[in-house]
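# Per-entry structural report
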Amino acid sequence: MSKPVFFSLIFVASLFHLSHGDVGSATFYNPPYSPTACGGGDLSQFPTNNLFAAAGEGIWDNGAACGRNYQVRCLSATVPKACMPDQIIQITIVDRAATAVSKAASGGRTMVLSTTAYKSIVQGSTSFVNIEYREV
């Protein structure tokens, strides 16, 4: 293969982002954070960096999601430039979205992120975003 053809293939490949996870949606919830579905209100399960979430029904898995870690990034939002480009965070599931004390603004989301987690990948004021996530 000649060098120009090889470099052309690399250029074309760089134009396409290959997804490495699932696609869903996220919103956020505010304190008080009091997980009831995972650990029965044990606050020691919260990571010290405050990057955590409540699992929506799609990933809840009858409670098996408790303690799972996910890498999450913002893909898109209705507000232009709301997603922080190339920002990926790792969150821990500490609750079930349907039972979270501080309910999310919009139901039916894949994840309900802590305010700290949400603001780590989203800038400005939008109540929900599309995300890419994968278990790690």
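Residues numbered from 1 in each chain as written. Predicted model: local features only at pLDDT ≥ 70, side-chain atom pairs only at ≥ 80, totals over all residues. Heavy atoms only, no water.

## As for the confidence of the model for the protein
On average, residues of the protein score 82 in pLDDT, and 79% of them reach the 70 mark or higher. Taken together, the stretch residues 5-18 has pLDDT below 50 and engages in four contacts with residues farther than four places along the chain or on a different chain. (pLDDT = per-residue confidence, 0-100. Contact = heavy atoms within 4.5 Å.)

## Section: the state of the cysteines
Taken as a whole, this structure holds two disulfides when the rule is applied. One disulfide in the model links Cys38 with Cys66; its S-S distance is 1.9 Å. On the S-S bond that ties Cys38 to Cys66, the torsion sits near -80 degrees, and the link is left-handed. Separated by 28 residues along the polypeptide, Cys38 in the loop between strand S1 (22-29) and strand S2 (52-55) and Cys66 in the loop between helix H2 (57-60) and strand S3 (69-76) bring together distant segments of the chain. When its relative accessible area of 28% is taken as the criterion, Cys66 is described as partly exposed. A sulfur-sulfur separation of 1.9 Å characterises the disulfide bridge that pairs Cys74 with Cys83. Around the S-S axis, the bridge from Cys74 to Cys83 shows a dihedral of about -45 degrees and counts as left-handed. The pair formed by Cys74 and Cys83 is uniform in burial state, with each residue classed as buried. (Disulfide = S-S within 2.5 Å. Helix = DSSP H or I, 4+ residues; strand = E, 2+ residues; numbered from the N terminus. Buried < 20%, exposed > 50% of the residue type's maximum accessible area, 1.4 Å probe, protein only.)

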